[in-house]
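Observations on the three-dimensional arrangement
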There are 2 protein chains.
Amino acid sequence: MLRGAPAGGPADFQTVRESNLGLVLRTVRERAPCSRAEVAAATRLTKATVSSLVADLIAHGLVREIGAAPARRVGRPGVMLALDERRIAAVGLEVNVDYLTVVAVDLAERELLARHVPFDAGAAGPQAAAERLAALAGATAADPLLADRTLLGVSVAVPGLIDSPAGVVTDAPNLRWRGFPLRDRLRELLGAAGLTGMPLLVDNDANLGAVAEYRSGHLAHTLDLVYLTGEVGIGAGVLVEGRPLRGSTGYGGEIGHIPLARDPLCGCGRRGCLEALAGIHAIVRRAVPDLVPAGPITGERVAAAVAATVRRAEDGDPGVRRALAEAGEWLGRGVATLVNLLNPQAVLLGGYFVPLAPWLLPPCAAQLDAHVIAPERGGCRVEASRLGLTAAARGGAAALVDALDTGRLPLPAPRPG
Amino acid sequence: MLRGAPAGGPADFQTVRESNLGLVLRTVRERAPCSRAEVAAATRLTKATVSSLVADLIAHGLVREIGAAPARRVGRPGVMLALDERRIAAVGLEVNVDYLTVVAVDLAERELLARHVPFDAGAAGPQAAAERLAALAGATAADPLLADRTLLGVSVAVPGLIDSPAGVVTDAPNLRWRGFPLRDRLRELLGAAGLTGMPLLVDNDANLGAVAEYRSGHLAHTLDLVYLTGEVGIGAGVLVEGRPLRGSTGYGGEIGHIPLARDPLCGCGRRGCLEALAGIHAIVRRAVPDLVPAGPITGERVAAAVAATVRRAEDGDPGVRRALAEAGEWLGRGVATLVNLLNPQAVLLGGYFVPLAPWLLPPCAAQLDAHVIAPERGGCRVEASRLGLTAAARGGAAALVDALDTGRLPLPAPRPG
């Protein structure tokens, strides 16, 4: 369980039964295959209570019986329980500067499908983007890969400041969206498409990337973890002792605009921000200037420029290598700052930083060794994410499963029959 | 109550009675004067349980009866409860590069006494410093201002990395102490002085400064708060949602060595650290070079140089004003970084930054406005602490009271008779 996960309200508002349903579901998740008696022992609930809760979870398609206990156990063989991964799906969407992503996972958070769609969300504007997102969600719900599954909910990751409880995109500078009620708009659009009453979660892409790393990354269950988005912007999703650090007004983790130098000019109007030195625009402008026009670059152009940068770096192009070494150094100074302040166990580089990691990480590591005061960087690992460009979308889907696990989401509709 | 406060172990190890004693004590602290019935209503404990717990708290000199309820209340007048501030005292010590501090507070955290003693802790070494601290604690316990009070415990604030559960100073670079078991040494020394079995707490000065601000500063009860020590080193004590952010290996809040520039050389051997640009040594070397010799400056020299800097700045000395403006700018870039990452409600400048604040704060604020991405700095106030040079010592004493409040300290010895 992610502590104090993003979705839903505080535990005080849960009924005891909702909270106990979540407790039993988590216990089955962690211990499956396991008997009702084992669940009772682990949760300290009575056997009668556990039986009643398990019956509910089975009726809603979340838990199933998988036959007798294995032979190595002594005593009368009991019926064992496991997660029922066949019945529900959680859908995670991500909107970014140059693409939309959709991921669906089952109750065990295994990926059922993943799609990328090139989309210029800045040029399209929030209303058109919401329509496109709703269409993607609808197509996903109807996809044969999700046949017979009930949708647990839909989440959307957005690169910007999000008022998550209200579902509003407060400010997404790289998309040029401000004050857009994305959740309400999606609710209308999904309702029109027949997906009514669907739980909807809107959150920041870096926060959801951190959730994805915590739930299913290669360093899963690391309690003090930072996920850095490597998109046009650089954002940090921070977990402190397993809790998302959002800050007092939701602006926590804004690493993209920490001042590292006197120059150059940043897209935000400030000077010397990390993003202006090591964001993807800055990198491709320096690495492959012949492929990047002056002015804003959007959409597929970014992906193409990154791919070209990788190709030329692999071919040993000295100018490209120099540009990546320089960006890696600045990234390292930014990450060193973050490590000095937060002392995390791991920093994971996501998004476009992943394909560039072979050239960014060595100079980044050298700066960490130079600037982190804790011996051996306080044990901090700095590595490329292995979740690729779907991290934030996966994290959103995982956050929905986590909300179910912690009794903050209603159970999905019961199975027919 | 400070959430997850520094002293003691996790709540799991408390007995229910210890935890309920703390709960009743906190309730009386928050609501006094209040009746036993009000305590029962607020805590949801039975009246019989509350009566038994209150009897214990009275016997140990923590709560007292203060007569009937005021006349405006309806119904039969009941006996009212309040904190008994007359019986116990908590002692907070602080060791710094150039002075020792001792503060004693009562159960309401009102200051009973405060003393500063010039002391060169780096030159003296940790053993001599421990002896001096034990002597200070002994003299404080015997001070007529604390007559008839039971000592709740003794805390020590140290500028450096502390393994607080073990009571060990892992690394205090500005004191040049490493791996010193301060708590065990103090336990022996205090035992020899007749203060046996005393609860002892050792923690980082910035963390305890943040505790002091949270408990009794002018912005008390601010949940997302940063306290910056302004000593030879600069450290950050960070509260996130009321919890100390310590980091995965205790190195959280190391703002002093975040890289802000390519130069100058820092005492730590790195280049361009915040401390090298805006630490007290850096400030007085640039502001009053005629008064500061080459090489390390220690002890009373620092205090004298700061006092001279203040005098000349008041007199309008342009060189001093320029040096302070420049330091304030660098401090602002460091604080902007911290505000971008943590989005706190307040940053409080402590130690020697307090007398220099009239000249440091304006350029610091300008840099914040320039570099913080959140509109209106995310609501963050940046102000001088009003707790002066006693903040860390006060915070340590408050942490002891908080440990009592949360059932993590044993009750002091019962009152005789």
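Residues numbered from 1 in each chain as written. Chains lettered and ligands numbered in written order. Predicted model: local features only at pLDDT ≥ 70, side-chain atom pairs only at ≥ 80, totals over all residues. Heavy atoms only, no water.

Some details on the pairing of strand 15 (residues 346-349) of chain A
Residue and element names in this part refer to chain A. Burial of the side chains of strand 15 extends over both faces: Ala346 and Leu348 are buried on one face and Val347 and Leu349 on the other. Bridging between strand 12 (residues 225-228) and strand 15 involves 4 bridges; their strand directions are parallel. Following the sheet pairing, tyrosine 227 is matched in strand 15 by leucine 348. Remark: the strand 15/helix 11 (residues 353-371)/strand 16 (residues 381-384) crossover connection has right-handed handedness. (Buried < 20%, exposed > 50% of the residue type's maximum accessible area, 1.4 Å probe, protein only. Helix = DSSP H or I, 4+ residues; strand = E, 2+ residues; numbered from the N terminus. Pairing = 2+ DSSP bridges. Right-handed = clockwise from strand over helix to strand, strands pointing away.)

Considerations on the environment of B:Thr15
Assignment of secondary structure puts B:Thr15 in the segment before helix 1 (16-31). Judged by relative accessible area, B:Thr15 falls into the partly exposed class, the value being 40%.

Comments concerning the packing of helix 9 (residues 300-314) of chain B against helix 10 (residues 318-342) of chain B
Residue and element names in this part refer to chain B. Packing of helix 9 against helix 10 leaves a shortest axis separation of 8 Å and a crossing angle of 115°. In terms of axis orientation, helix 9 runs roughly perpendicular to helix 10. For the pair helix 9 and helix 10, the sense of crossing is left-handed. Contacts between helix 9 and helix 10 involve Thr309, Arg312, Ala313 and Glu314 from the first element and Val320, Arg321 and Leu324 from the second. A class-by-class count of the residues in the contact of helix 9 with helix 10 yields 3 nonpolar, 1 polar and 3 charged. (Axes fitted to C-alpha atoms, helices over the stretch in contact; angles between N-to-C directions. Parallel < 35°, antiparallel > 145°, perpendicular 65-115°, else oblique. Left-handed = near helix turned anticlockwise from the far one by under 90°. Contact = heavy atoms within 4.5 Å. Nonpolar A, V, L, I, M, F, W, Y, C, P; charged D, E, K, R; others polar.)

Focus on the sheet that holds strand 8 (residues 161-163) of chain A
Residue and element names in this part refer to chain A. Pairing within the open sheet is antiparallel, and its 3 strands lie in the order 8-9-10. Since the sheet does not close on itself, it has two edges, and those belong to strand 8 and strand 10 (177-180), each with one partner. Taken pair by pair, the neighbouring strands of this sheet meet at an average axis angle of 20°, ignoring direction. Looking at chain direction, strand 8 and strand 9 (residues 168-172) are connected through 3 bridges and run antiparallel.

Side note on the domain arrangement of chain A
All names here are of chain A. Segmenting chain A into domains produces domain 1 (11-83), domain 2 (88-208 + 392-405) and domain 3 (218-386). Of note, the centres of domain 2 and domain 3, computed from C-alpha atoms alone, are 25 Å apart. Across the interface of domain 2 and domain 3, roughly 1,300 Å² is buried in total on both sides, 50% from carbon and sulfur atoms. Summed over the three residues of domain 2 that lose the most area to domain 3, namely Asp98, Leu161 and Ala206, the buried surface amounts to 37% of that side. Of the charged contacts in the structure, one is a salt bridge between aspartate 203 and arginine 246, with a shortest N-O distance of 2.6 Å. Counting across the interface, domain 2 meets domain 3 through 3 residue pairs in polar contact (both at pLDDT 80 or more). Residue contributions to the side of domain 2 that touches domain 3 peak at 3 residues, all from helix 6 (residues 205-216). Each residue belonging to the side of domain 2 that touches domain 3 can be placed in one class, and the counts come to 5 nonpolar, 4 polar and 4 charged. (Domains from an automatic or database assignment. Buried area = accessible area lost by both parts, 1.4 Å probe. Salt bridge = Lys/Arg side-chain N within 4 Å of Asp/Glu carboxyl O. Polar contact = N/O pair within 3.5 Å; in protein donor to acceptor, adjacent residues only side chain to side chain.)

Comments concerning the pattern of salt bridges
Residue and element names in this part refer to chain A. Per the stated rule, a full pass over the model turns up 42 salt bridges over all chains. For the salt bridge of arginine 64 with glutamate 85, the shortest nitrogen-to-oxygen distance reads 3.3 Å. On the criterion of sequence distance, the pair formed by arginine 64 in strand 2 (residues 63-68) and glutamate 85 in the loop between strand 3 (79-83) and strand 4 (88-95) is long-range, its members being 21 residues apart. Relative accessible area serves as the criterion here: at 18%, glutamate 85 is assigned to the buried category.

Examining the side chain of A:Asp143
Structurally, A:Asp143 is set in the loop between helix 4 (121-141) and strand 7 (150-158). Residues in contact with A:Asp143, not counting those within four places in the same chain, are A:Leu113 and A:Arg115.

Here we look at the relation of the copies chain B and chain A
Rotating chain B by 180° and moving it 0.1 Å along the rotation axis overlays it on chain A with an RMSD of 0.1 Å. Here the symmetry operator amounts to a two-fold rotation axis. Identified as the residue of chain B closest to the rotation axis by C-alpha distance is B:Leu260, at 2.9 Å. The residues that chain B uses at the interface reappear at the interface of chain A in 100% of cases, marking a shared surface. (Least-squares fit on C-alpha atoms with pLDDT ≥ 70 in both.)

Observations regarding the confidence of the model for chain A
Counting all residues, the mean pLDDT for chain A is 90, and 93% of those residues have values of 70 or more. Overall, residues 1-13 of chain A carries pLDDT values under 50, and its contacts beyond four positions in sequence, including any with other chains, amount to 31 contacts. (pLDDT = per-residue confidence, 0-100.)

Concerning the interface of chain B and chain A
Counting from both sides, the interface comprises 42 residues of chain B and, opposite them, 42 residues of chain A. A buried area of about 3,600 Å², summed over both sides, lies between chain B and chain A, and 56% of it is on carbon and sulfur atoms. A per-residue breakdown of the area chain B buries against chain A is headed by B:Pro259, B:Leu341 and B:Ile373, which together make up 20% of the total. Applying the counting rule to chain B against chain A returns 0 salt bridges.

Some thoughts on the sheet that holds strand 11 (residues 200-204) of chain A
All names here are of chain A. In space, the 5 strands of this open sheet follow the order 6-5-4-7-11, with mixed pairing throughout. With one partner strand each, in any of the chains shown, strand 6 (111-118) and strand 11 form the two edges of the open sheet. Within the sheet, the average angular offset between the axes of one strand and its neighbour, ignoring direction, is 15°. Bridge count between strand 4 and strand 7: 7 bridges; the pairing is parallel. Considered in strand 7, the bridge of alanine 90 is made with glycine 153. Strands in contact with helix 6 are strand 4, strand 7 and strand 11; relative to strand 11, the strand with the most contacts, it is inclined by about 105°.

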